[in-house]
Amino acid sequence: MCGIVGYTGKQAAVPILLNGLERLEYRGYDSAGVAVVSPEKGLQIEKCKGRLQVLRDKLAALPPLTGSTGLGHTRWATHGEPNDVNSHPHVSQNGQVAVVHNGIIENYVEIKEFLLHKGVAFRSDTDSEVVAQLLEYTFNNCADIMDAVYQVLDRLEGAYALGILCVDAPDTLIAARKDAPLLLGYGDGESFIASDATAIIAHTRDVAYMEDGEVAVLTADGIRVYDEYRRPIEKEHHLIEWDVSAAEKGGYAHFMFKEIMEQPEALRRTISPRLRDGEIVFDELSLTDEDLRRFDRLYIVACGSSYHVGMVGKYDLERFLRMPVEVCLASEFRYSEPLVDDRSLVIVISQSGETLDSLAALRKAKSLGGYILSIVNVVGSSIARESDSVLYTWAGPEIAVATTKAYSTQLALLTMLGLYMARRLGRADSAEYAAVTAELALLPEKLQTVLASADAYQYLASLYFNRDCVFFIGRNLDYALGLEGSLKLKEISYIHSESYAAGELKHGTISLIEQGTLVVALATYGPLFDKAVSNIVEVKARGAEVVALTTDSLRDRMEKIATHTLSVPDTHPALQPNLGVVPLQLFAYYIALQRGCDIDKPKNLAKSVTVE
Ligand code: G6P
């Protein structure tokens, strides 16, 4: 949700900023802008509505913006429609400061009124502009830009990652953070800020994650960081383990397709280090036996696809652990009165580790005494840092807005966690434990064979891409899987789709089934295969065309019933959704492709949602 990149060093800033923005565009793509500052020319800014390419074209037609210190921003609009004026960077009235912002300034109306009274003229409808205007106003009344920054931060309410340029310090970049991600990059004679590492990985892998309340002052010579009381602090450095190729398309037409194809490798990286001689091992977990025995209830809290992982997890974990598991949407959980206490284990699932609702839910659960264990992909992200324990999915950077490999790795890790806890609590059935761990080791290989059938999904997509409504049905794990299949389809193809527990059909939804309605029936969960067949027969009797997904061993039986049958290799039922999700991802992908959709950047969406 909005991407920020900043550079100060010896090179021309604009090309570095534009390349950084290209990698951040998945965070928001309704407008983009850059600002550079130089002693000779002061602040120079170009920004416009539209994709980054529009800005690139605009810049190419102009004399170059010269300067070695600058900021770039790609926007996902919250306050004020996407247009040229509302784009970032925002410049103060007299052109002394420029600001890029990610987050929401909640008290911007009050600040704006104050400044309007003082005669400040505003240009945009954004909450972000108040930061630039207030900074200039404050700076005019105090000696030093840092004094002004601290005074302004003191007045801001809400969430922000800020990049600040000031004409009086043309070789300096200032950054501040509260409840929105921002990291610092240490280069050789150059320094960076970025919303995430993908934006600067081409230049440095040496980073530090800013914490709430911190302010950083960057020059070519290095970075100084201060806490909220302006005391200097030493930051812990982290080495980014992947390189620039992981954040590039590498010959694929879309990031989404590349990331779907990367799933076997991502799963291998996530599973293998935690599977030793048939035992699940989580060296990174600090849970004691006493902690484990104390828990009498488990919550899974997340948003979007991560929430769908939780929906699958509920079935597996309740069965493994014989403990109630509640799956909660983070945006609901944070404003409810959950019964969390010190006997609750709260699992927060998030690819980005920055989703604001999930972070707020985490804090709520923590304040109620819950033990927070997070499953996160982005190392050093806010959710990871604020958890009692973190399990990282080693999926690598995920760029496409619609998640695929992050979902798969989260799912595998959650199942492993459930089984691991059951084992430690003495509740695991040893035959089942052995069967699941054996299948876990085979999962990447089996997934590879699912990917090898991509042509079959493409063919089906060519038959159904022009539908305007699709139903997904399934029971138990297949119901939870359908939620993700349906979300994938609607996110990227804009086809209206619904996912139903198959047994619920007769309580209403079946009235929507008519001649030619497309129903995607999920029947990979062996124990309820016959029930799934009954539901398929019911919808077919009302004219539906049924694309069924089952396992290889049940394929023959399904082929006699469904209009089209797809199958994935058999595995342990607890892991079957890990294979089942892939045809659904590819079906959605190929349908979106046929419809000419912007697959990696679907309209109105953003990958990392750092606003409410
Ligand atoms: C956005 C993304 C989804 C993602 C959800 C939760 O809506 O488009 O793909 O599932 O956020 O994100 P998280 O990073 O917390 O998993």
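Rules used in this analysis
Residues numbered from 1 in each chain as written. Predicted model: local features only at pLDDT ≥ 70, side-chain atom pairs only at ≥ 80, totals over all residues. Heavy atoms only, no water. Helix = DSSP H or I, 4+ residues; strand = E, 2+ residues; numbered from the N terminus. Rg over C-alpha atoms; globule rule 2.2 N^0.38 Å. Buried < 20%, exposed > 50% of the residue type's maximum accessible area, 1.4 Å probe, protein only. Contact = heavy atoms within 4.5 Å. Areas by Shrake-Rupley, 256 points an atom, 1.4 Å probe, with all protein chains shown as cover. Near = heavy atom within 4 Å. Polar contact = N/O pair within 3.5 Å; in protein donor to acceptor, adjacent residues only side chain to side chain. 1 Å grid on protein atoms, 1.4 Å probe; cavity = no way out; pocket = protein on both sides within 12 Å on 5 of 7 lines; lining within 4 Å. Sits in = over half its atoms within 2 Å of the grid points. Nonpolar A, V, L, I, M, F, W, Y, C, P; charged D, E, K, R; others polar. Domains from an automatic or database assignment. Buried area = accessible area lost by both parts, 1.4 Å probe. Salt bridge = Lys/Arg side-chain N within 4 Å of Asp/Glu carboxyl O. Phe/Tyr/Trp six-rings, centres within 6.5 Å; stacked < 30°, edge-to-face > 60°. Lys NZ or Arg CZ within 6 Å of the ring centre and 35° of its normal. Core = buried A, V, L, I, M, F, W, Y, C linked by side-chain atoms within 4.5 Å. Pairing = 2+ DSSP bridges. Axes fitted to C-alpha atoms, helices over the stretch in contact; angles between N-to-C directions.

## Some words on the overall build of the protein chain
Item 1. Along the protein chain, the regular secondary structure elements total 19 helices and 27 strands.
Item 2. A compact globule built from 612 residues should have a C-alpha radius of gyration of about 25 Å, and the protein chain, at 25 Å, falls within 12% of that.
Item 3. For the C-alpha atoms alone, the extent of the protein chain along its principal axes is close to 80 × 55 × 45 Å.
Item 4. Looking at the 612 residues of the protein chain, the share that counts as buried comes to 62%.
Item 5. Within the protein chain, counting contacts between residues at least 6 apart in sequence, those at least 24 apart form 72% of the total.
Item 6. Carbon and sulfur atoms make up 49% of the accessible area of the protein chain, which amounts to about 22,600 Å² in all.

## Description of the site of the ligand
Item 1. Close to the ligand lie 14 residues, the nearest being Ser306, Ser350, Gln351, Ser352 and Thr355.
Item 2. Take Ser306: an N or O atom from its side chain is 2.6 Å from an oxygen atom of the ligand.
Item 3. Between Val401 and the ligand, the recorded distance is 3.3 Å, taken from a backbone N or O atom to an oxygen atom.
Item 4. Within the complex, the protein chains bury 90% of what would otherwise be the 390 Å² of accessible surface of the ligand.
Item 5. If you map the ligand onto the pockets, it falls in the second largest pocket.
Item 6. Of all the elements, helix H9 (residues 304-321) adds the most residues to the shell around the ligand, at three residues.
Item 7. Here the shell around the ligand is built from residues that sort into four nonpolar, eight polar and two charged.

## Things to note about the domain arrangement of the protein chain
Item 1. You can read the domains of the protein chain as domain 1 (3-246), domain 2 (249-451) and domain 3 (454-594).
Item 2. A separation of 33 Å is found between the C-alpha centroids of domain 1 and domain 2.
Item 3. With 13 residues of domain 1 in contact, the opposing surface of domain 2 contributes eleven residues.
Item 4. A combined buried area of about 1,100 Å² lies between domain 1 and domain 2, and 53% of that area is made up of carbon and sulfur atoms.

## Here's the deal with the pattern of salt bridges
Item 1. Inspection of every chain in the model, using the stated rule, returns 34 salt bridges.
Item 2. Taking the shortest distance from any N to any O, the salt bridge between Lys58 and Glu46 comes out at 3.1 Å. Remark: Glu46 occurs in strand E3 (residues 42-49) and Lys58 occurs in helix H2 (residues 52-60); sequence separation between them is twelve residues.
Item 3. For Glu46, a relative accessible area of 17% gives the class buried.
Item 4. As a salt-bridge pair, Arg363 and Asp179 come within 2.9 Å of each other at their nearest N and O atoms. One end of the pair, Arg363, is in helix H11 (residues 356-367); the other, Asp179, is in the loop between strand E8 (173-178) and strand E9 (183-186), with 184 residues separating them in the sequence.

## With respect to the packing of aromatic side chains
Item 1. Evaluation of the coordinates by the stated rule reveals ten aromatic pairs.
Item 2. Members of the aromatic cluster, each reached through a chain of ring pairs, are Tyr252, Phe257, Tyr589 and Tyr590.
Item 3. The ring of Phe114 is capped by Arg155, whose NZ or CZ atom sits 4.4 Å from the centre of that ring.
Item 4. Between the NZ or CZ atom of Arg423 and the centre of the ring of Tyr433, over which it lies, the distance is 3.8 Å.

## Examining the nonpolar core
Item 1. Counting residues in each nonpolar core, the largest one holds 96 residues, and the members touching the most others are Leu298 and Ile347.
Item 2. Counting residues domain by domain, this core receives three or more from each of domain 2 (249-451) and domain 3 (454-594).
Item 3. Residues contacting Ile347, with those up to four places away along its chain left out, are Leu298, Tyr299, Ile300, Val301, Leu317, Leu373, Ile375, Leu414 and Leu417.
Item 4. In this structure, Ile105, Tyr150, Leu156 and Leu162 belong to the second largest nonpolar core, which totals 32 residues.

## Focus: the sheet that holds strand E5 (residues 90-91)
Item 1. Here seven strands make up an open sheet; going across it, the order is E5-E6-E7-E8-E12-E13-E14 and the pairing antiparallel. Of all strands in the sheet, those with a lone pairing partner are E5 and strand E14 (232-233), marking the two edges.
Item 2. Of the pairings in the sheet, the one linking strand E6 (residues 97-105) to strand E7 (residues 158-166) comprises nine bridges and is antiparallel in character. When the sheet's bridge partners are listed, Ile105 is paired in E7 with Gly158.
Item 3. Packing of helix H5 (residues 145-155) onto the sheet brings it into contact with E6, E7, E8, strand E12 (215-219) and strand E13 (222-226), and relative to E12 it is tilted by some 150°.

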